[in-house]
Amino acid sequence: IKSDYFRDGDIKAQQMIADLRSHAFENWRLNWGYVDLDAIANMYRTADVFLSAPRGEAWGLPIIEAAASGLPVISTMYSGHAEFLRPIRSSVVDVAWTLDAVDCSEYKGYYPFPDGNWGEWAVPKVESIRDSMRFAYENHLDLAPKALKNSAVIRTRFGWSSSADQAVNALESRGINLG
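Residues numbered from 1 in each chain as written. Predicted model: local features only at pLDDT ≥ 70, side-chain atom pairs only at ≥ 80, totals over all residues. Heavy atoms only, no water.

Concerning the pattern of salt bridges
Move 1: One pass over the structure, following the stated rule, counts 6 salt bridges.
Move 2: K12 serves as the salt-bridge partner of E106, at 3.0 Å between the closest nitrogen and oxygen. Taken together, the residues E106 in helix α5 (residues 105–110) and K12 in helix α1 (residues 9–22) connect sequence positions 94 residues apart.
Move 3: In this structure, the salt-bridge partner of R130 is D131, at a minimum N-O distance of 3.0 Å.
Move 4: Judged by relative accessible area, D131 falls into the partly exposed class, the value being 41%. (Salt bridge = Lys/Arg side-chain N within 4 Å of Asp/Glu carboxyl O. Helix = DSSP H or I, 4+ residues; strand = E, 2+ residues; numbered from the N terminus. Buried < 20%, exposed > 50% of the residue type's maximum accessible area, 1.4 Å probe, protein only.)

Some words on the packing of helix α7 (residues 140–158) against helix α8 (residues 160–173)
In helix packing, the relevant descriptors are the interaxial angle and the interaxial distance, both defined with respect to the helix axes.
Move 1: Here α7 crosses α8 at 40°, and the two axes come no closer than 5 Å. Between α7 and α8, the crossing angle belongs to the class labelled oblique. Facing T156, R157 and F158 of α7, the residues of α8 in contact are W160, S162, S163 and Q166.
Move 2: In terms of residue class, the contact of α7 with α8 is made up of 2 nonpolar, 4 polar and 1 charged. (Axes fitted to C-alpha atoms, helices over the stretch in contact; angles between N-to-C directions. Parallel < 35°, antiparallel > 145°, perpendicular 65-115°, else oblique. Contact = heavy atoms within 4.5 Å. Nonpolar A, V, L, I, M, F, W, Y, C, P; charged D, E, K, R; others polar.)

Observations regarding the layout of surface pockets
Over the atoms, a rolling probe the size of a water molecule traces out where space has been left empty.
Move 1: Of the pockets and cavities examined, the second largest pocket occupies roughly 200 Å³.
Move 2: As for the second largest pocket, its lining consists of W59, L61, I64, E65, A68, I154, R155, F158, G159, W160 and S163.
Move 3: Counting only elements with at least two residues in the lining of the second largest pocket, the list comes to α3 (61–68), α7 and α8.
Move 4: A total of 4 residues in the lining of the second largest pocket trace back to one element, the largest contributor, which is α3. (1 Å grid on protein atoms, 1.4 Å probe; cavity = no way out; pocket = protein on both sides within 12 Å on 5 of 7 lines; lining within 4 Å. Points joined across faces, edges and corners; volume = space filled by probe spheres on them.)

Dropping the structure here:
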């Protein structure tokens, strides 16, 4: 598990460890906080699947990195990351979710909105995460080659150079000359 938290990281790490131990999970290792790029790349190389079931993402850099690395992805299909997951659906296992009002006091404290409307986010269904993991395990021989093929889609359509070109084109189409 690679995780981090933007506030009270040490406390959150200990809570996660306690939660994992309380379920008697036996085969896990927690990589908390900063991990250098070589170690991240090695995690992708040695993984069979990438799981991230966010409530919402602006983009989801770890998700797109995993997809570009050729990993099947298990994820919610809500928010920014759905933009790059849609073209590679054949190697994405959906996590079911419900749309609920943002109710996290930490989030509300970090992103204050004077009108008190924090919007809504996708709340992943835990049983769906479990079922999606089981599906990915049982169908890995089908998902893996699709994910490898789809990694080219990600690298071509959503790589840094392509993304920069798209951003420049979008700005120029709005009359902003960058030349």
